[in-house]
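Coordinate inspection notes
Chain by chain, the residues run as shown.
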Amino acid sequence: VCWSEKGGWHRPRVSPYGPIALDPSAAVLHYAQEIFEGMKAYRHADGSVWTFRPYENAARMQRSAARLALPELPSEIFIESLKQLIAVDADWVPSAPETSLYLRPFMFAKEAFLGVRPAKKVAYYVIASPAGAYFHGGVQPVSIWLSTKYARAGKGGTGAAKTGGNYASSLLPQAEAAEHGCQQVLFLDEGTYLEELGGMNVVLVYRDGTLVTPESDSILEGITRDSVLQLARDRGHAVESRRVTIDEWREGAASGDIVGAFACGTAAVITPIGRLLAEDFEIVHAGDAASELALSLREELTGIQYGRVEDRHGWLTRLDA
Ligand code: PMP
């Protein structure tokens, strides 16, 4: 779908996958005026195809658009774009356990000019690709590296938007994490407060069953996190969203008040955090109780997504009808 200042949203169409022609001075290539979403389509046992909380993705894309000075894409166009894509060939959506069709809606500034101002011509696309199970042979705990040298986003920056620039700034710290033998990087706010991983949110598990997740205006508000915390509340867990310092985690792990932690996001759903490595300390969570909780919440959430568990919150939207 295209957008122009004069014409609004127009020209919706589905076309075969292939290269996009862009003017070399298209604003997105120079000033990174772009946003995206990541979601999945799930095949249920009866063959029908569903997606999970798409109105939340649509709303988040609208918040990202506002921050990146891009036009607002109405939720109806967003949802319709997913349906149209599935309508081309619903057989795309795989049916093996834990597989899905990954959906990537994105919007970028395609107007050709070299001044720094919001573009007056924008394009919105959705691409899709079948995705295999994230884990093979059971969910594996992740190890994370604490980045103290680099921040992902700053106060008043674009941290809460799903925009490429945030990911560009996370590539080097992510490589640093890999050099230290870790799979993910953890970012802090002001060198003190927990934010999130490169592509997942974080939740700490306290001994009394309380779940605590970092509150910050510079992290991505994960839809998986929101859903997992809702399921935990339904089970009677206390859930807190507040500022959490890295010292609270370190001291809580040492005293036994914090029994574990997990990470959550659309791709892996939920995965226990086995180890946090920093320059000058390390936290190891053997945390059987916390891992069990993470895995049972994961089972419930994937159960809802794949239609095995009742969708009591009305989170699913059908895409193939
Ligand atoms: N934080 C970041 C930086 C992410 O890229 C993602 C993945 N979209 C998340 C958190 C988790 O968000 P969600 O649960 O909506 O996938």
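Keep in mind the model is a prediction, meaning the values are calculated, not measured.

Focus: the packing of helix 2 (residues 54–67) against helix 3 (residues 75–88)
For any two helices packed against each other, one specifies the inter-axial angle together with the distance between the axes. At a closest axis distance of 9 Å, the pairing of helix 2 and helix 3 adopts a crossing angle of 125°. On the basis of their axis angle, the class for helix 2 and helix 3 is oblique. As helix 2 runs across helix 3, the sense of the crossing is right-handed. From helix 2, Pro54, Tyr55, Ala58 and Met61 reach across to helix 3, where they touch Ser75, Phe78, Ile79 and Leu82.

Description of the packing of helix 5 (residues 223–234) against helix 7 (residues 288–305)
Viewed as axis vectors pointing N to C, helix 5 and helix 7 meet at an angle of 110°, and their least axial separation amounts to 10 Å. It follows that helix 5 is roughly perpendicular to helix 7 by the angle criterion. Side by side, helix 5 and helix 7 meet where Ser227, Val228, Leu231 and Ala232 of the first sit next to Leu297, Glu300 and Leu301 of the second. Residues of the contact of helix 5 with helix 7, tallied by class, amount to five nonpolar, one polar and one charged.

Comments concerning helix 2
For helix 2, spanning 14 residues, the distance from its first C-alpha to its last is 20 Å, which sits close to the expected 20 Å at 1.5 Å a residue. The set of residues buried in helix 2 consists of Pro54, Asn57, Ala58, Arg60, Met61 and Ser64. Buried residues of helix 2 fall within an arc of 165° about the axis and therefore sit on the same side.

Things to note about the domain arrangement of the protein
What the domain assignment reports for the protein is domain 1 (2–131) and domain 2 (142–305). Spacing between the C-alpha centres of domain 1 and domain 2 amounts to 27 Å. Facing the 18 residues of domain 1 at the interface are eleven residues of domain 2. For the side of domain 1 that touches domain 2, the elements supplying multiple residues, two or more each, are strand 3 (34–36), strand 4 (39–43) and helix 2. Here the side of domain 1 that touches domain 2 takes six residues from helix 2, the largest share from any one element.

Let's talk about the site of the ligand
For the ligand, the full set of nearby residues is Gly38, Glu196, Gly199, Met200, Asn201, Leu220, Gly222, Ile223, Thr224, Arg225, Gly265 and Thr266. Here the shell around the ligand gets three residues from one element, more than from any other, and that element is helix 5. Here the shell around the ligand is composed, by residue class, of three nonpolar, seven polar and two charged.

A look at the pairing of strand 13 (residues 239–242)
Sheet topology places strand 12 (residues 211–214) next to strand 13; four bridges connect them, and they run parallel. If you follow Thr213 over to strand 13, its bridge partner there is Ser241. What joins strand 12 to strand 13 is helix 5, and the crossover it makes is right-handed.

Side note on the environment of Ala178
Within the secondary structure layout, Ala178 lies in helix 4 (residues 164–179). When the C-alpha positions of Ala178 and Gly165 are compared, they lie 20 Å apart, and in sequence the two are 13 residues distant.

Describing the pairing of strand 7 (residues 121–131)
Both strand 1 (residues 2–4) and strand 7 contribute to a ladder of three bridges, which runs antiparallel. Paired with Cys2 across the bridge in strand 7 is Ala123. One ladder, built from ten bridges, connects strand 6 (residues 100–109) with strand 7; its direction is antiparallel. Residue pairing across strands places Met107 opposite Tyr124, the latter belonging to strand 7.

Cut-offs used in this document
Residues numbered from 1 in each chain as written. Predicted model: local features only at pLDDT ≥ 70, side-chain atom pairs only at ≥ 80, totals over all residues. Axes fitted to C-alpha atoms, helices over the stretch in contact; angles between N-to-C directions. Helix = DSSP H or I, 4+ residues; strand = E, 2+ residues; numbered from the N terminus. Parallel < 35°, antiparallel > 145°, perpendicular 65-115°, else oblique. Left-handed = near helix turned anticlockwise from the far one by under 90°. Contact = placed C-beta atoms within 7 Å. Nonpolar A, V, L, I, M, F, W, Y, C, P; charged D, E, K, R; others polar. Expected span 1.5 Å × (residues − 1). Buried ≥ 20, exposed ≤ 12 C-beta atoms within 10 Å, placed from the backbone. Arc of directions from axis to C-beta. Domains from an automatic or database assignment. Near = placed C-beta within 6 Å. Pairing = 2+ DSSP bridges. Right-handed = clockwise from strand over helix to strand, strands pointing away.

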